[in-house]
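Observations on chain architecture
One-letter residues, chain by chain:
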Amino acid sequence: SILSATTSDWFIESVKNGDIQGGFLGRFLFVHSKKKIRDDAIPRIADKEKRSELIEELKRLNLLFSHEVTLSVGARKLYETWYRQFIAKFSAIHSNFRSLFARLTIYCLKIAIVIETCETGAFEISEQTMKEAITKTNWLLNTTKELCEDDLSFTKQEQMEKKVIAYLKECEGKQSRSRVLHHSKLSSKEFNGVLQTLIEKETVNLAYEKEDGSHKPSQFLVLKR
């Protein structure tokens, strides 16, 4: 297993079309975050007791590898219902991104196995465990969709559009044209083209308001909800 983290900017710049459509990135689970929830000046000291507990738990789980895990009747019905709902959502995802979601149905079962074996040690997945696994998988589905819709793109034009939209979201949907232009780091020509496209797509509206200390109204970009 690989557990890693990176910045959105580096990931977006590095990912190529083939990485996604070739199926490689579909073998990863993505946790997409826009906010930094911790900012420790000095990292916390490692908890040696928790580390030892984790090692012992992994040793215990290693002994379970030879056992087959089955689904209870309730868990199977629940999974089959969710599976059909997932396929309907999967069909609505842009074809460029589908490989990122294709293995989530299998991951749902694997998550259920992890929960059941860790919490009860049983080899039959209960209905309650399947509910929890489905909840976690739906969360992974939504956070991956957010990654695709907000950040990933295959053309420079699309990348520029998403950059502007992302900044407007950070600004609660509204910001002056001059600040958006400065933040985007685009040329005036590129920015004007992006803005015109977003207006035509009815993604952004223009408004005029006076800023503090200004006698003349400034042009604002307003993200349509």
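Per chain, residues are indexed from 1 in the order of the written sequence. Since the coordinates come from a predicted model, pLDDT governs what is reported: local features require at least 70, and pairs of side-chain atoms require 80 or more to be given and counted, while whole-chain, interface and lining totals use all residues. Side-chain measures here rest on the full set of heavy atoms in the structure, leaving out hydrogens and waters.

**Section: the sheet that holds strand 3 (residues 174–176)**
- Between any two strands, at least two bridges found by DSSP are needed for them to pair. Here a strand is any run of E in DSSP of at least two residues, a helix any run of H or I of at least four, and the numbering for each starts at the N terminus. Taken in spatial order, the three strands of this open sheet run 3-5-4, and their pairing is antiparallel. Sheet topology places strand 3 and strand 4 (204–210) at the edges, where each strand pairs with a single neighbour. Direction aside, the axes of adjacent strands within the sheet are offset by 30 degrees on average.
- Any two residues having at least one pair of non-hydrogen atoms within 4.5 Å are treated as being in contact. Note on definitions: angles span 0 to 180 degrees between N-to-C directions of axes, and those axes are lines fitted to C-alpha atoms, for helices only across the stretch in contact. Of the strands in this sheet, strand 4 and strand 5 (217–223) touch helix 9 (residues 188–200), which is tilted by about 110 degrees from strand 4.

**Overview of empty space enclosed by the protein**
- Here the term cavity refers to a set of points on a 1 Å grid, laid over the protein atoms alone, in which a 1.4 Å probe fits but cannot get out; the term pocket refers to an open set having protein on both sides within 12 Å along at least five of seven lines, with lining residues being those that place an atom within 4 Å of a point. Grid points are joined across faces, edges and corners, and a volume is the space filled by probe spheres set on the points. One pass over the structure, following the stated rule, counts one cavity of 30 Å³ or more.
- Of the voids in this model, the largest cavity is the one considered here, and its volume is about 40 Å³.
- Lining of the largest cavity is provided by G26, F28, L29, F30, L100, L104, Y107, L140 and T144.
- Put simply, the parts of the chain that give the lining of the largest cavity at least two residues each are helix 5 (104–119) and helix 6 (127–150).
- Considered class by class, the residues forming the lining of the largest cavity number seven nonpolar, two polar and no charged. Ten residues, namely Ala, Val, Leu, Ile, Met, Phe, Trp, Tyr, Cys and Pro, are considered nonpolar, four, namely Asp, Glu, Lys and Arg, are considered charged, and the remaining ones, Gly among them, are considered polar.

**Points about unusual backbone geometry**
- Phi at E172 is positive, roughly 60 degrees, even though this residue is not glycine.
- Tracing the chain through its elements places E172 in the loop between helix 7 (156–170) and strand 3.
- Relative accessibility decides the category of a residue: with a 1.4 Å probe and only protein chains considered, values under 20% of the type maximum give buried, values over 50% give exposed, and everything between is partly exposed. Under the relative-accessibility criterion, E172 is labelled exposed at 68%.
- The phi angle at E202 is positive, at roughly 60 degrees, despite the residue not being glycine.

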